[in-house]
Amino acid sequence: MGKDLLDKIQPLQFRKDINFLRALSVVSVIIYHIDKSLLPGGWLGVDIFFFISGYLISNTIIIELKNNNFQFRNFYLKRIKRILPALLSTLIFTIPFAFFLLPPKELYLYINSFQSSLLFYSNLYFENLDFYNSPSTKFFPLLHMWSLSVEEQFYIIFPFVLFFIFKFRKNSTFIYIVVFSVLSLFLNSLDIGNLVFYQIQFRIWEFLFGVIFMFLESRVSFKKNNKYIGIFIIFFSFIFFDDSIINNFNTKLICLIGVFLYLTNSNENRLIFFLNNNKFIQQIGLISFSLYLFHQPIFVFFRIYDTNINNVSSFTYIGLVIFLYVISYLNWKYIEVPYQKSFLRNKKFILGLVFIGLCASTLTLLNQDSFINRF
């Protein structure tokens, strides 16, 4: 069975249904962060992103392993040019707002979260933060970076695991993936508090669920209704789940079963065809990474600027969303796309220089007595 599943895996082409799910995920997270009551389960958009990441990355690695041309260096260079330019531009965007709007204690926390976002351990930083003596999470401009850190940790670990499984137990690759998924799900059943939300071992099953789908998609197909059922399950999850069960893996599993069904091969009705082919929805999917990166700092800095945000009219939210769309589109067009199209030596040099400069700046500030003594 394992060998048959490996043989059937083919290189992925651009999929409009995946791009639609990206758009749906980022919009759900944005609405959730504007007002939780509008979409109580909007946080599940992050879990859908994890599924998609596992699906896409595993296909890339396995195809290259099958062709005997997988190289760790090339893999990580692709991840760097995909993630780092957009991340750095977002972090740079936040700097002037932070220094002008944040009071001293919050500024110190911001710089710590800035550094942890740069080095992809912000999930561990926020996990250990004393929220009882800290500001409300509504006023953390980089809180959402925890998910990016989890994703990057997956990208660091997974290629090595898959490489060694493929080398020594190639035909059992699928079985190992299933076993690791079950172990991660089991860990989620333990009552260990906030760790379940932030640490990768409790999240890795979501990525691996996407990997499992990648193995099975050639064998799973329906003639009708599964995509409709899948999108219904996803929307049901967004509407009827809320923060009280945010650490319950059952809620995530239900939502990702909906994703699984939506991506299986089957006939499309009018609704599904519209969702997968609407130009505006597809554009949202293309810029979803920048939308995700920018939405939290924009909303947070506005809340800090206007402490009476709860009394602000809906037109203000519309203006913020339009601003978010514009800046995300510009970041996608002038930062993301150019780096993905080419990664020449001069671009590597600029990217490395900016990265090192930001790391050095945050380390200097956090270890400077005159800065720390202000608090």
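Scroll up to find the structure this text is about.
Residues numbered from 1 in each chain as written. Predicted model: local features only at pLDDT ≥ 70, side-chain atom pairs only at ≥ 80, totals over all residues. Heavy atoms only, no water.

Novice: I'd love a proper account of the overall build of the protein, names of residues and values included.
Specialist: A count of helical and extended segments in the protein gives 18 helices and zero strands. C-alpha extents for the protein along the principal axes are approximately 65 × 45 × 45 Å. Relative to all contacts within the protein whose residues are 6 or more apart in sequence, the contacts with residues 24 or more apart total 80%. For the protein, the exposed area adds up to about 18200 Å²; of that, 64% sits on carbon and sulfur atoms. In the protein, which carries 32 positive and 20 negative side-chain charges, the distance between the mean positions of the two groups comes to 12 Å. (Helix = DSSP H or I, 4+ residues; strand = E, 2+ residues; numbered from the N terminus. Contact = heavy atoms within 4.5 Å. Areas by Shrake-Rupley, 256 points an atom, 1.4 Å probe, with all protein chains shown as cover. Lys, Arg positive; Asp, Glu negative; His and termini not counted. Charge placed at Lys NZ, Arg CZ, Asp CG, Glu CD.)

Novice: Which residues make up unusual backbone geometry, and what values do they have?
Specialist: Residues apart from glycine generally show negative phi values, whereas peptide bonds are mostly found in trans. Residues other than glycine seldom take positive phi values, yet N68 does so here, at roughly 55°. For N68, the position within the fold is in the loop between α3 (44-66) and α4 (72-101). You will see that F120, though not glycine, has its phi angle at about 60°, which is positive. Along the chain, the position of F120 falls in the loop between α5 (104-118) and α6 (122-127).

Novice: An account of the environment of F70 is needed here, citing residue identities and associated values.
Specialist: For F70, the location among the structural elements is in the loop between α3 and α4. When the C-alpha atoms of F70 and F163 are compared, they prove to be 8.8 Å apart, with 93 residues separating the residues in sequence. Filtering out sequence-adjacent residues up to four positions away, F70 remains in contact with I61, E64, L65, F75, P159 and F163.

Taken by themselves, the reported measurements are silent on function.
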